[in-house]
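Spelled out from the first residue to the last, the chains are:
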Amino acid sequence: MPFEARLNPHLDQARTHTAQWARRMGMFDDEYVQWPQRWSEEKFAGADFPLFIALTHPDADARELETVTDWHVALWFVDDLFLPLYRRDRDQESAAAQVERLMQFLPLDALPRPLQPRNPVERAFADLWTGTAATMSPLWRERFTAGVRRFLDGVLWELEHVDHAVTDLIEYLGARRDFGGLQFTAVLMEHAVGELHPDVLGNREFRTAVDAFVDAVSLHNDIVSYDREVEEGTIGNNGVEVARRALGVSRREATALIDGLLTARVDTLAHAPAAVPPGAAGFTRSLQEALAGSYLWHEVTGRFGPCGAAAVGKPRGLGTSAAYAFC
(Lines give C-alpha, C1' and ligand atoms only; values in the text may rest on other atoms or scores of the structure.)
Protein backbone atom coordinates (compact mmCIF):
# COMPACT_ATOMS: atom_id res chain seq x y z
CA MET A 1 0.00 0.00 0.00
CA PRO A 2 1.83 3.13 -1.20
CA PHE A 3 -0.59 5.57 0.47
CA GLU A 4 -0.99 6.56 4.11
CA ALA A 5 -4.23 6.62 6.04
CA ARG A 6 -5.31 9.39 8.38
CA LEU A 7 -7.82 9.08 11.20
CA ASN A 8 -10.65 11.54 11.72
CA PRO A 9 -10.41 13.03 15.24
CA HIS A 10 -14.19 12.74 15.75
CA LEU A 11 -14.23 8.92 15.66
CA ASP A 12 -15.38 8.35 19.25
CA GLN A 13 -18.27 10.76 18.85
CA ALA A 14 -19.32 9.01 15.64
CA ARG A 15 -19.18 5.61 17.34
CA THR A 16 -21.52 6.76 20.10
CA HIS A 17 -23.89 8.54 17.75
CA THR A 18 -24.13 5.75 15.16
CA ALA A 19 -24.83 3.02 17.72
CA GLN A 20 -27.66 5.11 19.15
CA TRP A 21 -28.96 5.94 15.67
CA ALA A 22 -28.90 2.31 14.50
CA ARG A 23 -30.78 1.29 17.63
CA ARG A 24 -33.39 4.00 16.98
CA MET A 25 -33.81 2.81 13.38
CA GLY A 26 -34.51 -0.72 14.66
CA MET A 27 -31.38 -2.37 13.29
CA PHE A 28 -30.78 -4.28 16.52
CA ASP A 29 -34.30 -5.66 16.79
CA ASP A 30 -34.40 -9.37 17.59
CA GLU A 31 -35.66 -10.37 14.15
CA TYR A 32 -32.41 -9.19 12.52
CA VAL A 33 -29.85 -10.71 14.86
CA GLN A 34 -29.82 -14.10 13.15
CA TRP A 35 -29.51 -12.98 9.48
CA PRO A 36 -26.58 -13.46 9.80
CA GLN A 37 -25.53 -13.23 13.43
CA ARG A 38 -23.80 -9.93 12.99
CA TRP A 39 -26.38 -7.28 13.84
CA SER A 40 -26.50 -7.58 17.59
CA GLU A 41 -25.11 -4.50 19.33
CA GLU A 42 -22.04 -6.52 20.31
CA LYS A 43 -21.34 -7.61 16.73
CA PHE A 44 -21.99 -4.09 15.50
CA ALA A 45 -19.44 -2.67 17.92
CA GLY A 46 -16.87 -5.28 16.87
CA ALA A 47 -17.31 -4.50 13.17
CA ASP A 48 -16.67 -0.82 13.96
CA PHE A 49 -18.22 0.68 10.84
CA PRO A 50 -17.54 4.22 12.14
CA LEU A 51 -13.82 3.43 12.02
CA PHE A 52 -14.09 2.72 8.30
CA ILE A 53 -15.69 6.11 7.73
CA ALA A 54 -13.23 7.90 10.04
CA LEU A 55 -10.37 6.42 8.01
CA THR A 56 -11.90 7.16 4.61
CA HIS A 57 -13.19 10.65 5.53
CA PRO A 58 -10.40 12.03 7.74
CA ASP A 59 -11.26 15.71 7.22
CA ALA A 60 -15.04 15.62 7.76
CA ASP A 61 -16.32 17.65 10.69
CA ALA A 62 -18.11 15.88 13.54
CA ARG A 63 -21.65 16.31 12.24
CA GLU A 64 -20.73 15.36 8.71
CA LEU A 65 -18.87 12.27 9.89
CA GLU A 66 -22.00 11.16 11.71
CA THR A 67 -24.15 11.66 8.60
CA VAL A 68 -21.76 9.84 6.28
CA THR A 69 -21.42 6.98 8.77
CA ASP A 70 -25.20 6.64 9.09
CA TRP A 71 -25.61 6.41 5.31
CA HIS A 72 -23.00 3.70 5.05
CA VAL A 73 -24.44 1.75 7.98
CA ALA A 74 -27.82 1.76 6.21
CA LEU A 75 -26.21 0.24 3.10
CA TRP A 76 -24.21 -2.25 5.18
CA PHE A 77 -27.48 -3.33 6.75
CA VAL A 78 -28.88 -3.96 3.28
CA ASP A 79 -25.72 -5.80 2.23
CA ASP A 80 -25.75 -8.09 5.26
CA LEU A 81 -29.46 -8.82 5.53
CA PHE A 82 -30.95 -8.48 2.05
CA LEU A 83 -29.45 -11.70 0.72
CA PRO A 84 -30.36 -13.95 3.68
CA LEU A 85 -33.88 -12.50 3.93
CA TYR A 86 -34.90 -12.90 0.28
CA ARG A 87 -32.66 -15.85 -0.50
CA ARG A 88 -34.44 -17.83 2.20
CA ASP A 89 -37.69 -17.73 0.23
CA ARG A 90 -36.05 -17.36 -3.22
CA ASP A 91 -38.26 -14.34 -3.72
CA GLN A 92 -36.62 -12.15 -6.36
CA GLU A 93 -39.90 -10.38 -7.11
CA SER A 94 -40.35 -9.17 -3.52
CA ALA A 95 -36.70 -8.12 -3.40
CA ALA A 96 -37.14 -5.99 -6.53
CA ALA A 97 -40.32 -4.47 -5.08
CA GLN A 98 -38.45 -3.55 -1.90
CA VAL A 99 -35.78 -1.78 -3.96
CA GLU A 100 -38.44 0.26 -5.76
CA ARG A 101 -40.04 1.18 -2.45
CA LEU A 102 -36.70 2.23 -0.93
CA MET A 103 -36.08 4.62 -3.80
CA GLN A 104 -39.39 6.34 -3.05
CA PHE A 105 -37.79 7.60 0.16
CA LEU A 106 -35.19 9.51 -1.92
CA PRO A 107 -37.26 11.96 -4.02
CA LEU A 108 -35.15 14.44 -5.96
CA ASP A 109 -37.12 17.39 -4.57
CA ALA A 110 -36.38 16.12 -1.03
CA LEU A 111 -39.92 16.98 0.06
CA PRO A 112 -41.70 14.69 2.56
CA ARG A 113 -43.95 12.01 1.12
CA PRO A 114 -46.98 10.38 2.78
CA LEU A 115 -45.10 7.08 3.01
CA GLN A 116 -44.64 5.32 6.33
CA PRO A 117 -41.35 3.41 6.80
CA ARG A 118 -41.83 -0.29 7.50
CA ASN A 119 -38.28 -1.48 8.22
CA PRO A 120 -34.92 -0.12 9.44
CA VAL A 121 -33.60 0.83 5.99
CA GLU A 122 -36.74 2.72 5.05
CA ARG A 123 -36.58 4.53 8.39
CA ALA A 124 -32.91 5.32 7.78
CA PHE A 125 -33.53 6.74 4.31
CA ALA A 126 -36.46 8.81 5.55
CA ASP A 127 -34.41 10.09 8.48
CA LEU A 128 -31.30 11.00 6.47
CA TRP A 129 -32.45 12.16 3.07
CA THR A 130 -34.06 15.55 3.72
CA GLY A 131 -31.08 16.91 5.65
CA THR A 132 -28.55 15.44 3.23
CA ALA A 133 -30.33 16.67 0.12
CA ALA A 134 -30.49 20.19 1.51
CA THR A 135 -26.71 20.46 1.12
CA MET A 136 -26.73 19.30 -2.51
CA SER A 137 -27.26 20.86 -5.89
CA PRO A 138 -29.91 19.18 -8.09
CA LEU A 139 -27.16 17.49 -10.13
CA TRP A 140 -25.50 16.18 -6.99
CA ARG A 141 -28.83 14.79 -5.77
CA GLU A 142 -29.25 12.96 -9.06
CA ARG A 143 -25.79 11.44 -8.79
CA PHE A 144 -26.35 10.53 -5.14
CA THR A 145 -29.67 8.76 -5.73
CA ALA A 146 -28.22 7.10 -8.85
CA GLY A 147 -25.38 5.78 -6.69
CA VAL A 148 -27.84 4.31 -4.19
CA ARG A 149 -29.88 2.82 -7.01
CA ARG A 150 -26.78 1.34 -8.61
CA PHE A 151 -25.89 -0.31 -5.31
CA LEU A 152 -29.40 -1.70 -4.77
CA ASP A 153 -29.57 -3.04 -8.34
CA GLY A 154 -26.17 -4.60 -7.71
CA VAL A 155 -27.55 -6.35 -4.63
CA LEU A 156 -30.38 -7.71 -6.77
CA TRP A 157 -27.77 -9.01 -9.23
CA GLU A 158 -25.91 -10.60 -6.33
CA LEU A 159 -29.12 -12.20 -5.07
CA GLU A 160 -29.81 -13.65 -8.50
CA HIS A 161 -26.30 -15.11 -8.82
CA VAL A 162 -25.46 -16.24 -5.29
CA ASP A 163 -26.83 -19.75 -5.86
CA HIS A 164 -25.92 -19.82 -9.56
CA ALA A 165 -22.50 -18.24 -9.46
CA VAL A 166 -21.27 -16.39 -12.52
CA THR A 167 -18.32 -18.15 -14.12
CA ASP A 168 -17.09 -15.32 -16.33
CA LEU A 169 -14.48 -13.22 -14.56
CA ILE A 170 -14.96 -10.19 -16.83
CA GLU A 171 -18.70 -10.16 -16.16
CA TYR A 172 -18.02 -10.43 -12.45
CA LEU A 173 -15.56 -7.53 -12.38
CA GLY A 174 -18.13 -5.29 -14.05
CA ALA A 175 -20.89 -6.29 -11.64
CA ARG A 176 -18.59 -5.96 -8.61
CA ARG A 177 -18.39 -2.20 -9.14
CA ASP A 178 -22.10 -2.03 -8.38
CA PHE A 179 -22.94 -4.37 -5.54
CA GLY A 180 -20.01 -3.29 -3.38
CA GLY A 181 -21.45 0.21 -2.96
CA LEU A 182 -18.11 1.97 -3.45
CA GLN A 183 -19.45 4.20 -6.24
CA PHE A 184 -21.81 5.60 -3.62
CA THR A 185 -18.88 6.09 -1.25
CA ALA A 186 -17.05 8.13 -3.87
CA VAL A 187 -20.04 10.42 -4.41
CA LEU A 188 -20.54 10.90 -0.68
CA MET A 189 -16.87 11.76 -0.22
CA GLU A 190 -17.56 15.06 -1.93
CA HIS A 191 -19.14 16.21 1.33
CA ALA A 192 -15.65 16.54 2.74
CA VAL A 193 -13.94 18.11 -0.29
CA GLY A 194 -16.78 19.97 -2.01
CA GLU A 195 -19.01 19.18 -4.97
CA LEU A 196 -17.09 18.42 -8.14
CA HIS A 197 -17.65 20.43 -11.32
CA PRO A 198 -19.55 18.67 -14.15
CA ASP A 199 -16.50 19.08 -16.41
CA VAL A 200 -14.46 17.04 -13.94
CA LEU A 201 -17.14 14.38 -13.65
CA GLY A 202 -17.10 13.90 -17.42
CA ASN A 203 -13.32 13.64 -17.66
CA ARG A 204 -12.11 10.19 -18.70
CA GLU A 205 -9.04 10.20 -16.47
CA PHE A 206 -11.16 11.15 -13.48
CA ARG A 207 -13.65 8.35 -14.14
CA THR A 208 -10.71 5.95 -14.44
CA ALA A 209 -9.38 7.09 -11.05
CA VAL A 210 -12.75 6.53 -9.37
CA ASP A 211 -13.06 3.08 -10.96
CA ALA A 212 -9.54 2.24 -9.78
CA PHE A 213 -10.50 3.18 -6.22
CA VAL A 214 -13.73 1.16 -6.40
CA ASP A 215 -11.98 -1.88 -7.88
CA ALA A 216 -9.10 -1.80 -5.40
CA VAL A 217 -11.34 -1.69 -2.33
CA SER A 218 -13.68 -4.33 -3.77
CA LEU A 219 -10.96 -6.80 -4.83
CA HIS A 220 -9.13 -6.41 -1.53
CA ASN A 221 -12.40 -7.15 0.27
CA ASP A 222 -12.88 -10.29 -1.85
CA ILE A 223 -9.49 -11.60 -0.77
CA VAL A 224 -9.84 -10.96 2.96
CA SER A 225 -13.52 -11.94 3.24
CA TYR A 226 -13.18 -15.31 1.48
CA ASP A 227 -13.43 -17.46 4.60
CA ARG A 228 -16.34 -15.45 6.03
CA GLU A 229 -18.27 -15.79 2.77
CA VAL A 230 -17.63 -19.54 2.66
CA GLU A 231 -19.15 -19.77 6.13
CA GLU A 232 -22.16 -17.66 5.11
CA GLY A 233 -22.74 -19.52 1.86
CA THR A 234 -22.25 -16.43 -0.33
CA ILE A 235 -18.85 -17.36 -1.76
CA GLY A 236 -20.26 -17.57 -5.30
CA ASN A 237 -20.13 -13.77 -5.45
CA ASN A 238 -16.45 -13.52 -4.49
CA GLY A 239 -13.85 -12.65 -7.13
CA VAL A 240 -11.33 -15.19 -5.85
CA GLU A 241 -13.91 -17.95 -6.14
CA VAL A 242 -15.04 -16.80 -9.58
CA ALA A 243 -11.43 -16.84 -10.79
CA ARG A 244 -10.83 -20.24 -9.20
CA ARG A 245 -13.80 -21.79 -10.97
CA ALA A 246 -13.40 -19.97 -14.28
CA LEU A 247 -9.75 -20.90 -14.69
CA GLY A 248 -9.73 -24.24 -12.87
CA VAL A 249 -6.95 -23.19 -10.49
CA SER A 250 -6.33 -23.45 -6.75
CA ARG A 251 -7.49 -20.85 -4.25
CA ARG A 252 -3.88 -19.70 -3.85
CA GLU A 253 -3.48 -19.21 -7.60
CA ALA A 254 -6.82 -17.46 -7.88
CA THR A 255 -5.89 -15.16 -5.01
CA ALA A 256 -2.62 -14.29 -6.74
CA LEU A 257 -4.55 -13.42 -9.91
CA ILE A 258 -6.99 -11.16 -8.07
CA ASP A 259 -4.09 -9.60 -6.17
CA GLY A 260 -2.39 -8.82 -9.48
CA LEU A 261 -5.50 -7.02 -10.69
CA LEU A 262 -5.72 -5.21 -7.36
CA THR A 263 -2.10 -4.09 -7.57
CA ALA A 264 -2.66 -2.72 -11.08
CA ARG A 265 -5.63 -0.67 -9.85
CA VAL A 266 -3.59 0.71 -6.95
CA ASP A 267 -0.89 1.71 -9.46
CA THR A 268 -3.50 3.47 -11.61
CA LEU A 269 -4.73 5.42 -8.58
CA ALA A 270 -1.15 6.32 -7.66
CA HIS A 271 -0.73 8.15 -10.98
CA ALA A 272 -4.19 9.71 -10.95
CA PRO A 273 -3.46 13.14 -9.36
CA ALA A 274 -1.12 14.03 -12.23
CA ALA A 275 -3.54 12.77 -14.89
CA VAL A 276 -6.86 14.32 -13.84
CA PRO A 277 -7.88 17.99 -14.31
CA PRO A 278 -6.40 20.32 -11.65
CA GLY A 279 -9.79 20.69 -9.97
CA ALA A 280 -9.87 16.96 -9.26
CA ALA A 281 -6.32 16.39 -8.03
CA GLY A 282 -7.26 16.96 -4.38
CA PHE A 283 -10.18 14.57 -4.66
CA THR A 284 -8.04 11.80 -6.15
CA ARG A 285 -5.55 12.25 -3.30
CA SER A 286 -8.51 11.81 -0.96
CA LEU A 287 -9.30 8.55 -2.79
CA GLN A 288 -5.73 7.41 -2.17
CA GLU A 289 -6.02 8.11 1.56
CA ALA A 290 -9.42 6.42 1.63
CA LEU A 291 -7.97 3.28 0.04
CA ALA A 292 -5.24 3.16 2.67
CA GLY A 293 -7.90 3.69 5.32
CA SER A 294 -9.96 0.82 3.94
CA TYR A 295 -6.92 -1.48 4.13
CA LEU A 296 -6.36 -0.51 7.75
CA TRP A 297 -10.00 -1.03 8.68
CA HIS A 298 -9.97 -4.50 7.12
CA GLU A 299 -6.95 -5.36 9.26
CA VAL A 300 -8.37 -4.28 12.59
CA THR A 301 -12.15 -4.69 12.38
CA GLY A 302 -13.76 -7.65 14.08
CA ARG A 303 -15.94 -8.14 10.99
CA PHE A 304 -13.45 -10.53 9.41
CA GLY A 305 -12.29 -12.32 12.55
CA PRO A 306 -9.66 -11.63 15.23
CA CYS A 307 -7.62 -8.51 14.59
CA GLY A 308 -4.24 -10.02 15.39
CA ALA A 309 -3.16 -9.36 11.80
CA ALA A 310 -3.17 -5.67 12.63
CA ALA A 311 0.44 -5.83 13.78
CA VAL A 312 1.59 -6.49 10.22
CA GLY A 313 2.12 -3.61 7.83
CA LYS A 314 0.51 -0.87 9.90
CA PRO A 315 0.16 2.45 8.09
CA ARG A 316 2.17 5.10 9.87
CA GLY A 317 0.20 8.19 8.90
CA LEU A 318 -0.50 10.79 11.56
CA GLY A 319 -3.13 9.56 13.96
CA THR A 320 -3.52 6.03 12.63
CA SER A 321 -2.21 4.39 15.83
CA ALA A 322 -5.49 5.23 17.52
CA ALA A 323 -7.29 2.90 15.13
CA TYR A 324 -5.62 -0.07 16.78
CA ALA A 325 -6.56 0.87 20.32
CA PHE A 326 -9.48 -1.55 20.64
CA CYS A 327 -7.62 -4.66 19.44
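The notes below deal with the structure included here. (Residues numbered from 1 in each chain as written. Predicted model: local features only at pLDDT ≥ 70, side-chain atom pairs only at ≥ 80, totals over all residues. Heavy atoms only, no water.)

### As for the nonpolar core
- With 102 residues, the main nonpolar core has Met27, Trp39 and Phe125 as its most contacted residues.
- For this core, the element with the highest residue contribution is helix α5 (residues 62-89), accounting for 12 residues. (Core = buried A, V, L, I, M, F, W, Y, C linked by side-chain atoms within 4.5 Å. Buried < 20%, exposed > 50% of the residue type's maximum accessible area, 1.4 Å probe, protein only. Helix = DSSP H or I, 4+ residues; strand = E, 2+ residues; numbered from the N terminus.)

### Regarding the environment of Thr268
- Tracing the sequence through the fold places Thr268 in helix α16 (residues 251-275).
- Sequence separation between Thr268 and Thr208 is 60 residues, and the spatial gap between their C-alpha atoms is 8.1 Å.
- Ignoring any residue separated from it by four or fewer positions in sequence, one finds Thr268 in contact with Thr208 and Ala212. (Contact = heavy atoms within 4.5 Å.)

### A few points about the environment of Leu201
- Tracing the backbone through its elements, the reader meets Leu201 in helix α12 (residues 198-201).
- In the structure, Leu201 is positioned 76 residues away from Pro277 in sequence and 10.0 Å away in space, judged by C-alpha atoms.
- If near-sequence neighbours (up to four positions away) are discounted, Leu201 is found in contact with Arg143, Leu196, Phe206 and Arg207.

### Side note on unusual backbone geometry
- Positive phi is not limited to glycine here, since Asp48 has a value of about 55 degrees.
- With respect to the helices and strands, the residue Asp48 is situated in the loop between α3 (41-47) and α4 (49-56).
- Located in the positive-phi region is Ala110, a residue other than glycine, with phi close to 65 degrees.
- With respect to the secondary-structure elements, Ala110 resides in the loop between α6 (92-103) and α7 (120-133).

### What to know about the packing of aromatic side chains
- Per the stated rule, a full pass over the model turns up 17 aromatic pairs.
- With a centroid separation of 5.1 Å and an interplanar angle of 75 degrees, the aromatic rings of Phe28 and Phe44 are classed as edge-to-face. Of the two residues, Phe28 is situated in the loop between α1 (11-25) and α2 (30-33) and Phe44 in helix α3; the sequence distance between them amounts to 16 residues.
- The class for Phe28 is buried, based on a relative accessible area of 11%.
- Aromatic side chains Phe206 and Phe283 sit 5.7 Å apart centroid to centroid with 50 degrees between the ring planes, which places their arrangement in the tilted category. One end of the pair, Phe206, is in helix α13 (residues 204-224); the other, Phe283, is in helix α17 (residues 281-300), and 77 residues separate them in sequence. Comparing Phe206 with Phe283 shows no difference in burial state: the two are buried. (Phe/Tyr/Trp six-rings, centres within 6.5 Å; stacked < 30°, edge-to-face > 60°.)

### Things to note about helix α9 (residues 169-179)
- Along α9, the residues classified as buried are Leu169, Tyr172, Ala175, Arg176 and Phe179. Down the axis of α9, the sector holding all buried residues measures 120 degrees, keeping them to one side.
- At the exit of α9 stands Gly181, carrying a positive phi of roughly 80 degrees. (Arc of directions from axis to C-beta.)

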